[in-house]
Amino acid sequence: MAELSPILKQATQVVAARGEGAYIYDEDDRRYLDFTAGIGVTSTGHCHPRVVAAAQEQVATLIHGQYTTVMHRPLLRLTERLGDVLPAGLDRLFYVNSGSEAVEAALRLARQATGRQNVLVFQGSFHGRTMGAASLTTSGVKIRAGIGPLMPGVAVSPFPYAYRLGMSEADAVAYALRELDYQFATVTSPKDTAAVFVEPVLGEGGYVPVPDAFLQGLRERADQHGFLLVADEVQTGFGRTGTFWGHEPSGVRPDVVITAKGLASGFPLSAVAAPAAVMEKAWPGSQGGTYGGNAVSCAAALATLDVIQEEGLVENAARMGERLRLGLEKVAEANQVIGDVRGRGLMLGNEFTAADGTPDGATAVRAQQAAARNGLLLLTCGPEGNVVRMIPPLIVNGEQVDNAVSLWAASVEEAVAG
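A quick note: this is a predicted structure, and the numbers were derived from the prediction, not measured.

Trainee: What am I meant to see in the pattern of salt bridges here?
Mentor: Opposite charge on two side chains allows them to pair when their charged atoms are near. A full pass over the atoms with the stated rule returns 17 salt bridges. Notably, a salt bridge pairs arginine 344 with aspartate 212, separated by 3.2 Å at the nearest N-O pair. Of this pair, arginine 344 sits in strand β11 (residues 338-344) while aspartate 212 sits in helix α9 (residues 212-225), and the two are 132 residues apart along the sequence. Relative accessible area serves as the criterion here: at 24%, aspartate 212 is assigned to the partly exposed category. The partner of aspartate 223 in a salt bridge is arginine 219, with the nearest N and O atoms 2.9 Å apart.

Trainee: Before we go on, may I ask you to explain empty space enclosed by the protein in this structure?
Mentor: Any space left empty among the atoms is revealed by the rolling of a water-sized probe across them. For the structure on display, the rule yields one cavity of 30 Å³ or more. Of the volumes computed, that of the largest cavity is approximately 40 Å³. Looking at the largest cavity, the residues that line it are Val198, Pro200, Leu215, Leu229, Ala231, His247, Val252 and Pro254. Class assignment for the residues of the lining of the largest cavity results in seven nonpolar, one polar and no charged.

Trainee: Quick question: what am I supposed to make of the layout of surface pockets here?
Mentor: Taken as a whole, the second largest pocket spans an internal volume of roughly 480 Å³. Together, 27 residues line the second largest pocket, and Tyr161, Arg164, Gly205, Pro383 and Glu384 are the ones closest to its centre. When residues of the lining of the second largest pocket are traced back to their parent elements, those giving at least two are α6 (141-144) and α7 (162-165). A per-element tally of the lining of the second largest pocket places α7 first, with three residues. Taken together, the residues that form the lining of the second largest pocket break down as eleven nonpolar, twelve polar and four charged. Two domains each donate at least three residues to the lining of the second largest pocket, and these are domain 1 (16-34 + 312-417) and domain 2 (51-311).

Trainee: Even after reading the chapter, I still don't get the packing of helix α8 (residues 169-186) against α9, so can you show me in this structure?
Mentor: Helices that pack against each other are described as a pair by the angle of their axes relative to one another and the distance between those axes. For the pair α8 and α9, interaxial distance at closest approach is 9 Å and the crossing angle is 25°. Looking at the two axes, α8 sits roughly parallel to α9. As for how α8 packs across α9, the hand of that crossing is right-handed. Two secondary-structure elements touch here, α8 through Val173, Ala176, Leu177, Leu180 and Asp181 and α9 through Ala213, Phe214, Gly217, Leu218 and Arg221. By residue class, the composition of the contact of α8 with α9 is seven nonpolar, one polar and two charged.

Thresholds, definitions, all that
- Residues numbered from 1 in each chain as written.
- Predicted model: local features only at pLDDT ≥ 70, side-chain atom pairs only at ≥ 80, totals over all residues.
- Heavy atoms only, no water.
- Salt bridge = Lys/Arg side-chain N within 4 Å of Asp/Glu carboxyl O.
- Helix = DSSP H or I, 4+ residues; strand = E, 2+ residues; numbered from the N terminus.
- Buried < 20%, exposed > 50% of the residue type's maximum accessible area, 1.4 Å probe, protein only.
- 1 Å grid on protein atoms, 1.4 Å probe; cavity = no way out; pocket = protein on both sides within 12 Å on 5 of 7 lines; lining within 4 Å.
- Points joined across faces, edges and corners; volume = space filled by probe spheres on them.
- Nonpolar A, V, L, I, M, F, W, Y, C, P; charged D, E, K, R; others polar.
- Domains from an automatic or database assignment.
- Axes fitted to C-alpha atoms, helices over the stretch in contact; angles between N-to-C directions.
- Parallel < 35°, antiparallel > 145°, perpendicular 65-115°, else oblique.
- Left-handed = near helix turned anticlockwise from the far one by under 90°.
- Contact = heavy atoms within 4.5 Å.

Okay, here's the thing in structure tokens:
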């Protein structure tokens, strides 16, 4: 009898039977408040009626129209609609299936558009598990170990992770920019650098927001040296951070934006956007894929955009994110084992730290597991596994946020008590 690979470790023991809004129900019909959202995917909640209806209608009409063979209307409409929400000037798109695949495609685009080979990323970054994307990923050795040699031409620079560095945010930014310039002086010449890839909020690396001043410093260097600034918005895009894109508060416009996860409310779809002047430098045959721009996924993405805009979910993410953050900070004040609460919008992390200042992954896991037993689904992240992250759907309401905080407080107390 075939079984799943033993390496696939589940964060909880829940066997999901159905989902509705912010909740998952198991096979015994027990309800769980889902603050994982499929790792930030079910942006409009589980089975939003409008997304379901759009997908059902499309399944009955055209399931797969391969988009380098034929065009189909959901793909064309989605491209037009994304033009309304993408940063000004990023007016050319192509579609693939996942975040990793989009990162690979953006990497290919950056090298072809600039004629340069090197790429720079930051410590703690997560860009995917496929070979090129894994070469850009430093959120944990589990992504990189045992598969070498990795793709050459990747330089890694420190991230302005103020809490870990024991610095103020301003000092962390100054340090990280100095070290970035040092990378350019010692490891990768700016003239050899095709792109800098950055997540507006570190995902797997610990839910650490990029300070606006750091993004602004990256933009200045990209303009000075002629490399591309690539915003990996796979997890932060589509309202997750309380703005439509995670980079928006900085006032910086990236040269390339990658989006996936919340784009289609659970259907596999990702996209890469860039200005025409960049996209037209890609080599023929370098873009595409069998399932990219799938008709059902595009229909779901159109419905997702409708729901986000008409139900004010970006604004709701900002309001509910602030409400959740304040609640988490109160829990942290009562439990010294939580050293930091941080994030943006509905993308928040609780970092567990031992009395000697070292990462406390064991207590973080106990808290996450206790939460699942108490009816609240959460995930851990961070290189040491000591950050418990909260990523509820953008439809979450105040009552659900308050309930989650209450469940979290009880779970942390259980974890501390062992």
